[in-house]
Amino acid sequence: MDELYHECGIAAVYHLKSETVSSLVPGGEFNRTSRLIPGMLLDMQNRGQLAAGFTTFERFRAQIIDTHKDVGGVAEVFRMNHENDYQRLMEKYAGNAAIGHVRYATCGKDDRSYAQPFERHHIARSKWFSFAFNGQLANYLELREEILKTTDFHLTRETDTEVINHLISHELSENAEIEPIELLRKLAARLDGSWNVVYLNARGQMFVSRDPVGIRPLCYAVEGSLFAAASESVALTHLGFADENVHDVPPGYAVIVDESGVRLEKFAESPKKAHCFFEWIYFANAGSTLDEASVYLSRKRLGEELASRETIPIDDDVIVVPVPDTAKAAADAMAFKLGVPSLEGLIRNRYIGRTFIEGNNRADKVRMKYTPLPEIMEGKRVLLVDDSIVRATTLRELLSLLRRRGRAKEIHVRIACPPIIAPCFYGIDMSTVKELYAPAFMSGKVITAEEEAAMARGIGADSLHYLPVEALSRCVGLPGERLCQACVNGIYPTAAGERMYLKALDSGGGCGGSNRTLDS
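Now for a description of the structure that goes with this document.

**Some details on the sheet that holds strand S22 (residues 463-466)**
Next, step 1: Judged by pairing direction, the sheet is parallel, and its four strands sit side by side in the order S17-S20-S21-S22 without closing on themselves. With partners counted over all chains shown, the strands left at the sheet margins are strand S17 (318-322) and S22, one partner each. Averaged over neighbouring strand pairs, the angle between their axes works out to 20° when direction is ignored.
Next, step 2: Where S17 lies against strand S20 (residues 381-386), five bridges are found, and the strand directions are parallel. Paired with Val 318 across the strands is Arg 381, a residue of S20.
Next, step 3: Here helix H10 (residues 328-338) sits on the sheet and contacts S17, S20 and strand S21 (410-415); the angle it forms with S20, its principal contact strand, is near 140°.

**Some words on the side chain of Ser 463**
Next, step 1: With respect to the secondary-structure elements, Ser 463 resides in strand S22.
Next, step 2: Residue Ser 463 is classed as buried on the basis of its relative accessible area of 14%.
Next, step 3: A distance of 2.6 Å separates the side chain of Ser 463 from the side chain of His 412, its partner in a polar contact.
Next, step 4: Not counting residues up to four positions away in its chain, the partners in contact with Ser 463 are Ile 411, His 412, Val 413, Arg 414 and Ala 456.

**Remarks on the sheet that holds strand S4 (residues 97-103)**
Next, step 1: One open sheet holds the seven strands; their spatial order is S3-S2-S4-S1-S10-S9-S11, and the pairing between them is antiparallel. Looking along the sheet, the strands with just one partner apiece sit at the ends: strand S3 (65-71) and strand S11 (246-248). Sheet twist, expressed as the mean angle between neighbouring strand axes with direction ignored, is 15°.
Next, step 2: In terms of strand pairing, strand S1 (residues 9-15) meets strand S10 (residues 226-230) through five bridges, oriented antiparallel.

**With respect to helix H14 (residues 449-459)**
Next, step 1: Every buried residue belonging to H14 is among Glu 451, Glu 452, Met 455, Ala 456 and Ile 459, and all of these are buried. Seen end-on, H14 carries its buried residues on one side only, within an arc spanning 145°. What points out from H14, more than 90 degrees from its buried face, is the exposed set Glu 450 and Arg 457.
Next, step 2: Once H14 ends, the next one or two residues include Gly 460, with phi positive near 85°.

**Notes on the side chain of Arg 414**
Next, step 1: Following the sequence through the fold, Arg 414 ends up in strand S21.
Next, step 2: Using a relative accessible area of 1% as the deciding quantity, one classes Arg 414 as buried.
Next, step 3: A distance of 2.7 Å separates a polar atom in the side chain of Arg 414 from a polar atom in the side chain of Glu 310.
Next, step 4: Excluding its chain neighbours within four sequence positions, the residues that come into contact with Arg 414 are Leu 306, Glu 310, Thr 311, Ile 312, Met 334, Leu 383, Leu 384, Val 385, Asp 386, Ser 463, Leu 464 and His 465.

Calculation criteria
- Residues numbered from 1 in each chain as written.
- Predicted model: local features only at pLDDT ≥ 70, side-chain atom pairs only at ≥ 80, totals over all residues.
- Heavy atoms only, no water.
- Pairing = 2+ DSSP bridges.
- Helix = DSSP H or I, 4+ residues; strand = E, 2+ residues; numbered from the N terminus.
- Axes fitted to C-alpha atoms, helices over the stretch in contact; angles between N-to-C directions.
- Contact = heavy atoms within 4.5 Å.
- Buried < 20%, exposed > 50% of the residue type's maximum accessible area, 1.4 Å probe, protein only.
- Polar contact = N/O pair within 3.5 Å; in protein donor to acceptor, adjacent residues only side chain to side chain.
- Arc of directions from axis to C-beta.

Laid out in structure tokens, this is it:
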């Protein structure tokens, strides 16, 4: 509801040497494999709408690896709605291997130089590489300061990605023949946070890697001569890969690909897992399966959990209304279990972009983005289901709109998530305590009925109920110890994350004074 942004999405494809071109490649031509990337990124547009791009590999052209990227959505960047322009781009960047990225950044510049992949040119093919990154480094400030202390080093952007770019470049300058696993071992010793990386160099060597705790999802598939990887499984199954051939990259592992084949190798120990629970309740495509847990079924179970805890009397005037779009599965499941209608009493205008409404105040934004239907809600007691409350600014305005224009008799807010009480330092744009709604009302980490009632009054609801933290693991279908739940329980899975949280508390809600681009 508060338009949380995070993440980004990464993708990779590679056609191995073979007498037969994979049937999944458009046009059945070896060097058309790179054309798969725009469609994969489009399947993950939910993970980032600010910028997109890809780097492709073709050993017989002057620019052996070459990058196209820009600010905008995937269709805009790749000119997908302009057939001639799109075809020219695809021909120019045709190759048998490619990596891609969709970006959202929580702050910083909306310009092309921050778009990914990042390509580093060099006359040595082993040192000419491109990579893209999904996550956020919790120890970014420490690494940046360390780099800038070196007399001759300079960083031109305030972004995690440039730090990783520097670290990779440094290792290659020390040893141009370094093996991918050894490079990742060295990175793992320096990086703290979430950092999934796709990498491609001018020798045609590729790797996709997942950080040792596995905060962000990453999966891959191999069928015949075609390899592909993506942040979400739906990007692979839409290409035509069979479900049984889609696998999660284990935390601390990399899939290494070159013309000789594909191999899965371990580069770091993974003593604990910390998969971000927000992937299942909000961020991921509902059609994806992450770490063997279905996104849709997780959201369905969240709704059933809400229904089992419902307290208002269920009569003929009760309806369930989801806040579009990620709360719909939970709302439908809740309504089914309660035996009441789930109705789209709130319509979202999906054609109003972020830039178009940037200059308006909060009430104007809500009014332009959401249309309440009085023919659905008038005189009804509405169970309004949402996936989370972060800052509550948008929700407060929405409830006012529902009463005024939707003419609902009562509005009871049901949140398919526990209260957000702590910042995220792993790639979600909630980096300070003071911006969060719940901590101002809560005296501890477990919310009381009195605190919920006070919060309901604060947003203008007749009542408000959250799910408890322990419900998350049941609904996602993974043990609680395998989930990162730091934003709802204050327990961080990495050392730098814990340090950042303590600093945030000590500074009265800040997060160390970092006003930077989180290039997840």
